[in-house]
Amino acid sequence: VVCPGIPHQLCVKHFQDGLHRYLRYQSSHGRGTWREVDRFETAVRFCLYARGFEEACACLTAIQADSGFRRIHLDDGIGMLERAFERLTQHFHHPGLQRTSNVAEGAIRRLDRRLTPMDSFASHETAWNTIKMLAAHTRFRILTDCRRPHQHRNGFAPLELAKVNIHGLNWIHVGQKALPF
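What about a positive patch on the surface?
Okay, so step 1: Together, Arg109, Arg110, Arg113, Arg114 and Arg141 line one region of the surface with positive charge.
Okay, so step 2: Along the chain, Arg113 falls in helix H7 (residues 102-115).

Observations concerning empty space enclosed by the protein
Okay, so step 1: Per the stated rule, a full pass over the model turns up 1 cavity of 30 Å³ or more.
Okay, so step 2: In this structure, the largest cavity occupies an estimated 40 Å³ of space.
Okay, so step 3: Taken together, Gln16, Leu19, His20, Glu41 and Val44 make up the full set of residues lining the largest cavity.
Okay, so step 4: Secondary-structure elements contributing two or more residues to the lining of the largest cavity are helix H1 (12-25) and helix H2 (34-48).

Structural notes on the packing of helix H3 (residues 53-65) against helix H5 (residues 75-88)
Okay, so step 1: Where H3 contacts H5, the two axes come as close as 11 Å, and the packing angle between them is 155°. Accordingly, the angle class assigned to the pair H3 and H5 is roughly antiparallel. Two packed elements cross with a definite hand, and for H3 against H5 that hand is left-handed. From H3, Phe53, Ala56, Cys57, Leu60, Ile63 and Gln64 reach across to H5, where they touch Ile78, Leu81, Glu82 and Phe85.
Okay, so step 2: A class-by-class count of the residues in the contact of H3 with H5 yields 8 nonpolar, 1 polar and 1 charged.

Section: the packing of aromatic side chains
Okay, so step 1: All told, the structure shown has 3 aromatic pairs when counted by the stated rule.
Okay, so step 2: Centre to centre, the rings of Phe53 and Phe85 are 6.2 Å apart; their planes meet at 40°, and the pair counts as tilted. One end of the pair, Phe53, is in helix H3; the other, Phe85, is in helix H5, with 32 residues separating them in the sequence.
Okay, so step 3: Ring centres 6.4 Å apart and planes at 65° place the aromatic pair Phe53 and Phe92 in the edge-to-face group. Linking Phe53 in helix H3 with Phe92 in helix H6 (residues 90-93), this pair joins segments that are 39 residues apart in sequence.
Okay, so step 4: Relative accessible area serves as the criterion here: at 26%, Phe53 is assigned to the partly exposed category.
Okay, so step 5: Taken together, the aromatic side chains of Phe53, Phe85 and Phe92 make up a single cluster linked through ring pairs.

Side note on the nonpolar core
Okay, so step 1: Formed by 23 residues in total, the largest nonpolar core has its most connected members in Phe40, Ile63 and Leu81.
Okay, so step 2: Among the secondary structure elements, those contributing two or more residues to this core are H1, H2, H3 and H5.
Okay, so step 3: At 6 residues, H2 tops the list of elements feeding residues into this core.
Okay, so step 4: Beyond its immediate chain neighbours, meaning those up to four positions away, Leu81 contacts Phe15, Val44, Cys47, Leu48, Leu60, Ile63 and Leu88.

Here's the deal with the side chain of Glu36
Okay, so step 1: Tracing the chain through its elements places Glu36 in helix H2.
Okay, so step 2: One polar contact links Glu36 to Arg39, side chain to side chain, over a distance of 2.4 Å.
Okay, so step 3: Other than its neighbours up to four places away in sequence, Glu36 contacts Asp66, Gly68, Phe69, Arg71, Ile72 and Leu74.

Criteria and thresholds
Residues numbered from 1 in each chain as written. Predicted model: local features only at pLDDT ≥ 70, side-chain atom pairs only at ≥ 80, totals over all residues. Heavy atoms only, no water. Patch = residues over 30% accessible without salt bridge, like charges linked within 9 Å, V, L, I, M, F, W, Y side chains within 5 Å. Areas by Shrake-Rupley, 256 points an atom, 1.4 Å probe, with all protein chains shown as cover. Salt bridge = Lys/Arg side-chain N within 4 Å of Asp/Glu carboxyl O. Lys, Arg positive; Asp, Glu negative; His and termini not counted. Charge placed at Lys NZ, Arg CZ, Asp CG, Glu CD. Helix = DSSP H or I, 4+ residues; strand = E, 2+ residues; numbered from the N terminus. 1 Å grid on protein atoms, 1.4 Å probe; cavity = no way out; pocket = protein on both sides within 12 Å on 5 of 7 lines; lining within 4 Å. Points joined across faces, edges and corners; volume = space filled by probe spheres on them. Axes fitted to C-alpha atoms, helices over the stretch in contact; angles between N-to-C directions. Parallel < 35°, antiparallel > 145°, perpendicular 65-115°, else oblique. Left-handed = near helix turned anticlockwise from the far one by under 90°. Contact = heavy atoms within 4.5 Å. Nonpolar A, V, L, I, M, F, W, Y, C, P; charged D, E, K, R; others polar. Phe/Tyr/Trp six-rings, centres within 6.5 Å; stacked < 30°, edge-to-face > 60°. Buried < 20%, exposed > 50% of the residue type's maximum accessible area, 1.4 Å probe, protein only. Core = buried A, V, L, I, M, F, W, Y, C linked by side-chain atoms within 4.5 Å. Polar contact = N/O pair within 3.5 Å; in protein donor to acceptor, adjacent residues only side chain to side chain.

This is how it looks when you write it as C-alpha cells:
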C-alpha cells in the first residue's frame, strides 16, 4: 500500500485488458472452449461496468456460481477478479473517484510529450524553468474538451475550478516565480 487510508481505484479498463491477455495467451482451459471464455469475459465486463456496488456484487456472485466457468478451469481468472474486486469498486464508495485512469494518463502523456525534448537542454536551470512554465500554463489554460458528466468545467481553468481568483494574473509572470514543489 503506497498511501494508507487513501482510496485507490484500479483502472477497470487495464484490468479488463490484462485479464483478456491472460486468458488468451497464458491460461490453459482446453480446446473448443472459446465460447465459454467469451461468455466469461462478457460477465466480467458487466461486473466491472455495473451501475452500482450491489449490481457488481451480484455479478461477481453469478460468476463464482457458474459451473461452466469452473468446468473449463477458469478458476485463475475468477481468482484474479476476486482478489482485485475491492480495489475495482472503490469508485462506488468514494464519489468523484474515476473508474478508469484515462484523465491521469492523458496528463502524463501531455507532460511526457513536452518533457522529452528537455533531454537536450544545456543546463538544469533552463529545464527547470521550462517545467515551471508548463505547470503554470496547465493551471491557467481554459478547459474546452470536457465531456459528460464534466461539461460544466468547460470555460474554466483548473485554478478557477479550485476556487482561486485568477482574474488579473498573467500565467507567464506566475510561471517565472519560484514554485513550492
